[in-house]
Amino acid sequence: MDLRTLRSLYQPPPRKQRSRLRLPFPGRITLAALGAALFSILSPGKAHAEFTVCNQTLDVVNLAVGQKVDNADQTDGWWTIGANQCVNVIREELTNRYIYLYATDVFGHAILNGSTEMCIDRRRFSIRGIDACWQRGHIAARFVEVDTLEQVRWTYFLTGNSP
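Residues numbered from 1 in each chain as written. Predicted model: local features only at pLDDT ≥ 70, side-chain atom pairs only at ≥ 80, totals over all residues. Heavy atoms only, no water.

Q: Describe the overall build of the protein chain, and please don't skip the residues or the numbers.
A: Secondary structure assignment for the protein chain yields two helices and 10 strands. Secondary structure elements of the protein chain, listed N to C terminal, follow the sequence α-α-β-β-β-β-β-β-β-β-β-β. Counting over 163 residues, the protein chain shows a buried share of 30%. When the accessible area of the protein chain is evaluated, it comes to approximately 12200 Å², of which 53% is carbon and sulfur surface. (Helix = DSSP H or I, 4+ residues; strand = E, 2+ residues; numbered from the N terminus. Buried < 20%, exposed > 50% of the residue type's maximum accessible area, 1.4 Å probe, protein only. Areas by Shrake-Rupley, 256 points an atom, 1.4 Å probe, with all protein chains shown as cover.)

Q: Describe the nonpolar core, and please don't skip the residues or the numbers.
A: Counting residues in hydrophobic clusters, the biggest one holds 18 residues, and the most contacted among them are Phe-51, Val-53, Leu-63, Val-89, Leu-101 and Tyr-156. Mapped by element, the contributors of at least two residues to this core are β1 (51–55), β2 (61–69), β4 (85–90), β5 (98–105), β9 (139–147) and β10 (154–158). Listed in part, the 12 residues of the second largest apolar core include Tyr-100, Tyr-102, Ile-120 and Ile-127. (Core = buried A, V, L, I, M, F, W, Y, C linked by side-chain atoms within 4.5 Å.)

Q: Give me the packing of aromatic side chains: which residues, what numbers.
A: According to the stated counting rule, one finds three aromatic pairs in the structure shown. Between Trp-78 and Tyr-102 the ring centres are 6.4 Å apart and the planes differ by 50 degrees, which places this aromatic pair in the tilted class. With Trp-78 in strand β3 (residues 72–81) and Tyr-102 in strand β5, this residue pair connects regions lying 24 residues apart in the sequence. We note that Trp-78, like Tyr-102, is buried. Consider the rings of Tyr-102 and Phe-143, whose centres lie 5.6 Å apart with planes at 35 degrees: the pair is tilted. Of this pair, Tyr-102 sits in strand β5 while Phe-143 sits in strand β9, and the two are 41 residues apart along the sequence. Phe-143 shares its class with Tyr-102; the two are buried. Cluster of aromatic residues (ring-pair linked, three or more members): Trp-78, Tyr-102, Phe-125 and Phe-143. (Phe/Tyr/Trp six-rings, centres within 6.5 Å; stacked < 30°, edge-to-face > 60°.)

Q: Summarise the pairing of β5; cite the residues concerned and give the values.
A: Within β5, seven of the eight residues are buried, which leaves the element mostly enclosed by the surrounding structure. Direction of pairing for β2 relative to β5: antiparallel, over a ladder of six bridges. By the bridge assignment, Asn-62 is partnered in β5 with Thr-104. For β5 and β9, the ladder comprises four bridges, and the chain directions are antiparallel. (Pairing = 2+ DSSP bridges.)

Q: Would you mind going over the side chain of Thr-148 in detail, with residue names and values included?
A: Counting through the fold element by element, Thr-148 comes out in the loop between β9 and β10. Taking relative accessible area as the criterion, Thr-148 reaches 0% and is therefore assigned buried.

Q: For the side chain of Glu-50, give the residues involved together with the corresponding values.
A: As for its placement among the helices and strands, Glu-50 is situated in the loop between α2 (31–42) and β1. Those residues in contact with Glu-50 that sit more than four places away from it in its chain are Ile-90, Arg-91, Glu-92, Glu-93, Leu-94, Val-152, Arg-153 and Trp-154. (Contact = heavy atoms within 4.5 Å.)

Q: A description of the confidence of the model for the protein chain should follow, citing residues and the corresponding values.
A: For the protein chain, the average pLDDT comes to 81, and 68% of its residues sit at 70 or higher. Segment residues 23–47: pLDDT under 50, and two contacts once partners within four positions in sequence are set aside and those in other chains are kept. (pLDDT = per-residue confidence, 0-100.)

Q: Got a sec to walk through unusual backbone geometry? Specific residues and values, please.
A: A cis amide bond, omega 5 degrees, links Gly-77 with the succeeding residue Trp-78. Within the chain, Asp-70 stands out as a residue other than glycine whose phi angle is a positive 55 degrees. Locating Asp-70 in the fold gives a position in the loop between β2 and β3. At Glu-150, a residue that is not glycine, the phi angle is positive and equals roughly 60 degrees. Turning to its location among the elements, Glu-150 is positioned in the loop between β9 and β10.

Written out as structure tokens, the structure is:
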């Protein structure tokens, strides 16, 4: 038998008829409209930071933030910020003119040290009140005061020369 005879003996299976995708929507929907609908459903709401800290140093830093919450002073920590990275630390529009920052290197040495004493802890924390830190089992640290000039959004750039 030669090759032509073998080819004629081989019959490919009959083609299956393709089924059409039927959508539960009346009328025709374009792919672009379907993609836009999926994007709007799956994408999160508009997310934008209101107070961001950008680490422009070559070191990883740990950051604590102080502000007034419900007319009481409160400190929160820790955010770890890599070299040349930014972190959103307050996600709502700012209502306080002054935000307080304290930063350490990975060894716990203060690299952002100011004049306003507030409370911190060694592990993740949220502390109400800034008085009697030691007596309440916390650590007293000196935070830098950042004047946001009553803006609703602010970015603070942490540099090697920060106060």
